[in-house]
Amino acid sequence: MDVGVCNNVLSQARGLMFKKESLPLLFVFKSKKRRAIHSFFCIPFIAIWFDGEKITEIKNVRPWMFSIKPKYKFDKLLEIPSNDVTFKEFIDEEKI
């Protein structure tokens with residue numbers, strides 16, 4: 001899967017906001033924490049949290065959600081926007 005990498009504060013702060021079309025975005029953090037995300041100004045997306053290479057949680061995120069926080073600490077987050085073909089395949093396979 002082709003992804004855009006968000007590994008600095010500016011790219012992580014912007015994420016999918018204001019984008020009508022985007023590649024899936026991989027957020028890479030320096031430490032493991034339970035960071036909250038939001039979906040203001042975003043199209044629907046799937047959020048997949050990772051601890052290293054292990055998936056710890058998956059959520060289907062609707063627009064305008066204030067605080068989405070996973071159950072576990074993570075160091076990577078993959079956001080797959082609804083306009084990406086992978087989103088539709090993932091929804092069908094995982095039934096989320």
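Residues numbered from 1 in each chain as written. Predicted model: local features only at pLDDT ≥ 70, side-chain atom pairs only at ≥ 80, totals over all residues. Heavy atoms only, no water.

A. Quick look at the overall build of the chain. Summing up its helical and strand segments, the chain has two helices and five strands in all. Reading the chain from its N terminus to its C terminus gives the helix and strand order β-α-β-β-β-β-α. Since a compact globule built from 96 residues should have a radius of gyration of about 12 Å, the 12 Å found for the chain is in line with a globular shape. Dimensions of the chain, computed from the C-alpha atoms along their principal axes, are close to 30 × 30 × 25 Å. Here the chain holds 96 residues, and 40% of them are scored as buried. Sequence separation of 24 or more characterises 58% of the internal contacts of the chain that already satisfy a separation of 6 or more. (Helix = DSSP H or I, 4+ residues; strand = E, 2+ residues; numbered from the N terminus. Rg over C-alpha atoms; globule rule 2.2 N^0.38 Å. Buried < 20%, exposed > 50% of the residue type's maximum accessible area, 1.4 Å probe, protein only. Contact = heavy atoms within 4.5 Å.)

B. Focus on the side chain of Ser-22. In this fold, Ser-22 is placed in the loop between helix 1 (9–14) and strand 2 (25–33). Residues contacting Ser-22, with those up to four places away along its chain left out, are Leu-16, Pro-81, Asn-83 and Asp-84.

C. The nonpolar core, seen in detail. Of all hydrophobic cores here, the largest spans 15 residues; its most connected members are Phe-27, Ile-37, Phe-45, Ala-47, Trp-49 and Leu-77. Those residues in contact with Ile-37 that lie beyond four places of it in its chain are Phe-45, Ala-47, Trp-49, Phe-66, Ser-67, Ile-68, Leu-77 and Glu-79. One finds Ile-46, Ile-48, Leu-78 and Phe-87 within the second-largest nonpolar core, a separate group that totals six residues. (Core = buried A, V, L, I, M, F, W, Y, C linked by side-chain atoms within 4.5 Å.)

D. Inspection of the pairing of strand 3 (residues 45–51) at higher detail. Most of strand 3 is tucked away: six of the seven residues are buried. Sheet analysis places strand 3 next to strand 4 (residues 54–61), joined by seven bridges and oriented antiparallel. Across the sheet, the residue bridging to Phe-50 is Ile-55, located in strand 4. Counting the residues that bridge the hairpin from strand 3 to strand 4 gives two residues, and of these Gly-52 lies at a positive phi of roughly 70 degrees. Examined bridge by bridge, strand 3 and strand 5 (residues 74–81) share six bridges and lie antiparallel to one another. Each residue of the ladder has a partner; that of Phe-50, found in strand 5, is Lys-76. (Pairing = 2+ DSSP bridges.)

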